Amino acid sequence: MNEVDAPVRDAPGPAGPGGPGPGDLRTLLDEGTRAVVDRGDLRTGRDRFERAFRVAESAGEDRAMAVAALGFGGLWVHEHRTVAGSVLLESRIRRALETLDPRSSLALRLRIRLAGEGDYRNRDTTAVLELLEQARAGQNPMARAEALSLAHHCLIGPEHGALRRELAAELVAESFRTARRSDLLMGLLWQTVDMFLDGDPHAERCLSELRGLLAEQDHLAVGFVVSAMEVMLAVRAGRLDEAETLARACTERGIAAGDVNATVWQAAQLVTIRWYQGRVVELVPLLSEVVNSPTLSAVDDHALAALAVAAVTAGDRRKAVSALATLCGRDLGDLPRSSSWMVTMHGVAEAAFLLDDTATAARVHELLSPYAHLPIVGSLAVACFGSAHHALGVAALTLGDVDRAVAHLRDAVRQNLALGHWPAVTASWERLAVALVRAGRPDEADAVRREMAVAAGSAGATPGTPGTDGASGPRERDQDRPAQDERDRRGQDHDRSDGGRKSPDRGDLAPKDRHGRNRNGRDAGGEGEGGPEREGQGQDGQEPDGQEQSPASCTRLGRKWRVGFGGRSVLVDHSVGMLHLVVLIANPRQEIRAVDLVAGLTALDGAAERSVPSGQRALDRVAMREYRSRLARLRVELDEFQAAGDPDRAAVAQAEHDWLVGQLASATGLAGRARRFPDGGERSRVAVSKAVRRALDRIAAADPVIGEHLRHAVHTGVRCSYWPA
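Residues numbered from 1 in each chain as written. Predicted model: local features only at pLDDT ≥ 70, side-chain atom pairs only at ≥ 80, totals over all residues. Heavy atoms only, no water.

Colleague: Can you explain the environment of Val-595? Please cite residues and give values.
Modeller: Structurally, Val-595 is set in helix α25 (residues 594–599). Spatially, the C-alpha atoms of Val-595 and Arg-719 are 8.7 Å apart, while their sequence positions differ by 124 residues. (Helix = DSSP H or I, 4+ residues; strand = E, 2+ residues; numbered from the N terminus.)

Colleague: Lay out helix α10 (residues 203–216) with the relevant residues and their values.
Modeller: Under the 1.5 Å per step criterion, the end-to-end length of α10 is 21 Å for 14 residues, consistent within 8% with the ideal 20 Å. Where the residues of α10 are buried, they touch α9 (181–197) and α11 (220–236). (Expected span 1.5 Å × (residues − 1). Contact = heavy atoms within 4.5 Å.)

Colleague: Describe the pattern of salt bridges, listing the residues and the values that go with them.
Modeller: What the rule picks out here adds up to 37 salt bridges. For Glu-282, the salt bridge goes to Arg-562, with nearest N and O atoms at 2.9 Å. Note that Glu-282 is positioned in the loop between α13 (262–277) and α14 (284–290) and Arg-562 in strand β7 (residues 560–565), a separation of 280 residues in sequence. In this structure, Glu-444 engages Arg-410 in a salt bridge whose closest nitrogen and oxygen atoms are separated by 2.9 Å. Residue Glu-444 is located in helix α22 (residues 442–458), and its partner Arg-410 is located in helix α20 (residues 402–419); the two are separated by 34 residues in the primary sequence. The exposure class assigned to Glu-444 is partly exposed, which follows from its relative accessible area of 30%. One connected set of salt bridges, linked through shared partners, spans Glu-244, Arg-274, Arg-279, Glu-282 and Arg-562. (Salt bridge = Lys/Arg side-chain N within 4 Å of Asp/Glu carboxyl O. Buried < 20%, exposed > 50% of the residue type's maximum accessible area, 1.4 Å probe, protein only.)

Colleague: Would you mind going over the sheet that holds strand β11 (residues 719–722) in detail, with residue names and values included?
Modeller: Spatially, β9-β11-β10 is the arrangement adopted by the three strands of the open sheet, whose pairing is antiparallel. Pairing within the sheet leaves two strands with one partner each, and these edge strands are β9 (592–593) and β10 (714–715). (Pairing = 2+ DSSP bridges.)

Colleague: Tell me about the nonpolar core, and name the residues and values.
Modeller: Among soluble globular proteins, nonpolar side chains are generally buried collectively. Counting residues in each nonpolar core, the largest one holds 161 residues, and the members touching the most others are Trp-76, Leu-189 and Trp-190. Here this core takes twelve residues from α11, the largest share from any one element. (Core = buried A, V, L, I, M, F, W, Y, C linked by side-chain atoms within 4.5 Å.)

Colleague: Requested: an account of unusual backbone geometry, with residues and values cited.
Modeller: Although it is not a glycine, His-78 sits at a positive phi angle of roughly 65°. Examined against the element boundaries, His-78 turns out to sit in the loop between α3 (62–72) and α4 (83–97). What makes His-78 buried here is its relative accessible area of 2%. Even without being a glycine, Arg-589 presents a positive backbone phi close to 65°. A relative accessible area of 38% means that Arg-589 is categorised as partly exposed.

Colleague: Quick rundown of the environment of Arg-589? Include the residues and the values.
Modeller: Position of Arg-589 among the secondary structure elements: in the loop between α24 (576–586) and β9. Arg-589 sits 133 residues away from Tyr-722 along the chain, and the two C-alpha atoms are 5.6 Å apart. Within the structure, Arg-589 has its side chain in polar contact with the backbone oxygen of Pro-724 (distance 3.3 Å). (Polar contact = N/O pair within 3.5 Å; in protein donor to acceptor, adjacent residues only side chain to side chain.)

Colleague: Just give me the short version of the environment of Ala-701, but keep the residues and values in it.
Modeller: With respect to the element layout, Ala-701 can be found in helix α28 (residues 681–702). Once the C-alpha coordinates of Ala-701 and Val-434 are considered, the two residues, 267 residues apart in sequence, prove to be 9.1 Å apart.

Colleague: Residue-level account of the pairing of β11, with values.
Modeller: Of the strand pairs in this sheet, β9 and β11 are connected by two bridges, and their pairing is antiparallel. Residue Arg-593 lies in a different strand from β11, and its bridge partner there is Arg-719. Bridging between β10 and β11 involves two bridges; their strand directions are antiparallel. The residue bridging His-715 from the neighbouring strand is Ser-721, located in β11. Hairpin geometry of β10 and β11 is characterised by an intervening segment of three residues between the two adjacent antiparallel strands and by a positive phi of about 155° at Gly-717.

Colleague: How would you explain the packing of aromatic side chains if you had to name every residue and give the values?
Modeller: Per the stated rule, a full pass over the model turns up five aromatic pairs. A centroid spacing of 5.4 Å and a plane angle of 75° characterise the contact between Trp-275 and Phe-385, whose relative ring orientation is edge-to-face. With Trp-275 in helix α13 and Phe-385 in strand β2 (residues 383–387), this pair connects stretches of sequence that are 110 residues apart. Across the pair, exposure class does not vary: Trp-275 and Phe-385 are buried alike. The interplanar angle of 35° and the centroid separation of 6.0 Å between the aromatic rings of Tyr-276 and Phe-385 together place this pair among those described as tilted. Of this pair, Tyr-276 sits in helix α13 while Phe-385 sits in strand β2, and the two are 109 residues apart along the sequence. Per residue, the accessibility class of Tyr-276 equals that of Phe-385, and both read buried. Members of the aromatic cluster, each reached through a chain of ring pairs, are Trp-275, Tyr-276 and Phe-385. (Phe/Tyr/Trp six-rings, centres within 6.5 Å; stacked < 30°, edge-to-face > 60°.)

Colleague: Explain the packing of helix α2 (residues 42–59) against α3 residue by residue, including any values.
Modeller: At their nearest, the axes of α2 and α3 sit 8 Å apart, and the two run at 155° to each other. Viewed along their axes, α2 and α3 adopt a mutual orientation that is roughly antiparallel. At the point where α2 passes α3, the crossing takes the left-handed sense. Side by side, α2 and α3 meet where Arg-46, Phe-49, Glu-50, Ala-52, Phe-53, Ala-56 and Glu-57 of the first sit next to Ala-64, Met-65, Val-67, Ala-68, Ala-69, Gly-71 and Phe-72 of the second. Of the residues contributing to the contact of α2 with α3, the split by class is ten nonpolar, one polar and three charged. (Axes fitted to C-alpha atoms, helices over the stretch in contact; angles between N-to-C directions. Parallel < 35°, antiparallel > 145°, perpendicular 65-115°, else oblique. Left-handed = near helix turned anticlockwise from the far one by under 90°. Nonpolar A, V, L, I, M, F, W, Y, C, P; charged D, E, K, R; others polar.)

Colleague: Talk me through the confidence of the model for the protein; I want residue IDs and the actual numbers.
Modeller: On average, the protein scores 80 in pLDDT, and the residues at 70 or more come to 76%. Looking over the protein, one finds the lowest element-wise mean pLDDT in strand β4 (residues 521–523), namely 32, and the highest in α11, namely 98. Here residues 1–19 is a poorly scored stretch, pLDDT under 50, and it has 33 contacts once near neighbours within four places are set aside; other chains count. Confidence over residues 601–618 falls short of pLDDT 50; this stretch has 49 contacts with residues more than four positions distant or in other chains. (pLDDT = per-residue confidence, 0-100.)

Colleague: Describe α3, listing the residues and the values that go with them.
Modeller: Extensive coverage of α3 is indicated by the burial of nine of its eleven residues. Looking at α3, one finds that the buried residues are Ala-64, Met-65, Ala-66, Val-67, Ala-68, Ala-69, Leu-70, Gly-71 and Phe-72. Of the residues trailing α3, Gly-74 is marked for its positive phi of about 90°.

In structure tokens:
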């Protein structure tokens, strides 16, 4: 070992009166080294090396100052995220380099660290790879090991898979020369990361070996990454509640290790979980903060893409368009190919689909196509959104290229099955069904839905297994239904009589449209009708041990409704039909006249006995009084939530406030007088039947089990009702 690289033992130099002496400097450096190398305690390491640098600088101890500057960089690239932090690190490295012989191994190690920091931010690996070659030609194994690890970290992008695997294998071999356990752990960790990024079926074997080493002796920094991988695997298995619990534990490990990614990864994990639970709309406030967080890597854009999806799902089109425009900049291809690039492209594809942005969808398809064989895995395998073919299929759907979309989505289903990513399997099945309907192949779409239902039933799925969020909810247009509409005009009820009702706990077959019609989105004639969003699923609508099922439920969430039944739930856009369903479900086993549903949530007591007036008000006086009373309470609540710094509850209250204002505006004319419908019972019956049918189609398209239950339990006609089992 070169003398300048030997551990600091008795660093000479005078100490000022009452100031740290040589022994104190040596202790600080030794404690910092043990913290980072032996225990993976990055926080303690930064503290000790920070203090050691200041002591060495004031004492004129050049070599000790260089060792402290090197240790201050930490284990990973880009640990110092803020502008001030990164500038401080680089200035200290340059200050130390001025005092060293440029031919020394310590100087080489400092240059490697400096190159790694710069290349990572600039996404240009030229400098760090050149210095890796110099380290290979030298005699210092620690310089080679550090160069290999830092270069590998700079190469975390989809185009460098083969080179990364070579570097990881070389680092494992080099660890036996350095005799540093941390080098072995880092080599195995990088191998595990590479295998997950490549979709290697043996990735978990490598992860098991890493777990075994950590069980013998923990390493906080490496253990934090392993715990993040455990969250990702729980999501793949569809165990979303468990994944959320693991994510909290993972964050605690990251904070204990002093890793700057602790809260950033927590946000990414929560986005993944909520994505497949159908609750991404809840994350708008969180993502709005994360995109501006100084702890977010300078080359990480995934949060902005997720914000675009969450915002458009929540109905905030302006925010979504702005986020997407920010990402695209002059050209979407300018985004750095970082460890989050694939996840970012996945989010951009979803946002473009929801916004009907064909230009962006075309660019996503072009950029992502070379990596179609890879899974969408973020950072160091901390999040996974399944096959890249899914995002490509979504982009093709946006472009109207349905045949290409079908091909991509079939590949996505196959690859997601191979990954064992069950929520992603279901998401791809759902989009495949949409693509098949658009391609004029409804029978194949029905076969896909049946396959989904069978898979969900045979898996004994727990809540959230499998599912998709609003971002992946299909948006289609229903075809005309002339035969059904004619029956409506003749006064026939759309739904079955009580005697024909079937048990609602069937989960073996998805509901099938006799005419092969599309059930996946907006009706061509239904203003305000939105597409469905699949949430977490439980077992197929049946309670354990033969217990009676709980009725369905509807909960308002922004501009959407969460419909739940039997441990499953689905998000559906607000629509007239959903309003009718909400009233019926909230009043099980009660008959409510269609005219009262059309009137807009009138008082239900004695509804069946009231006469049917001509010129029915759109909202009666009682309803308008209740709406205005609720608006007054909401304004007070909004002030309270904002004063208490509770943005989540304030956002929910604001959404309800805006909706109520819209309802009152549409139901009143000049001077606030109530608008009136021109006719009574018959016109109301037809309108309610059509609106409810469209809402049921959307629910069934997103979750066949919930849809099947509601089709059997909801009855429309002159009198409407909901009869759960």
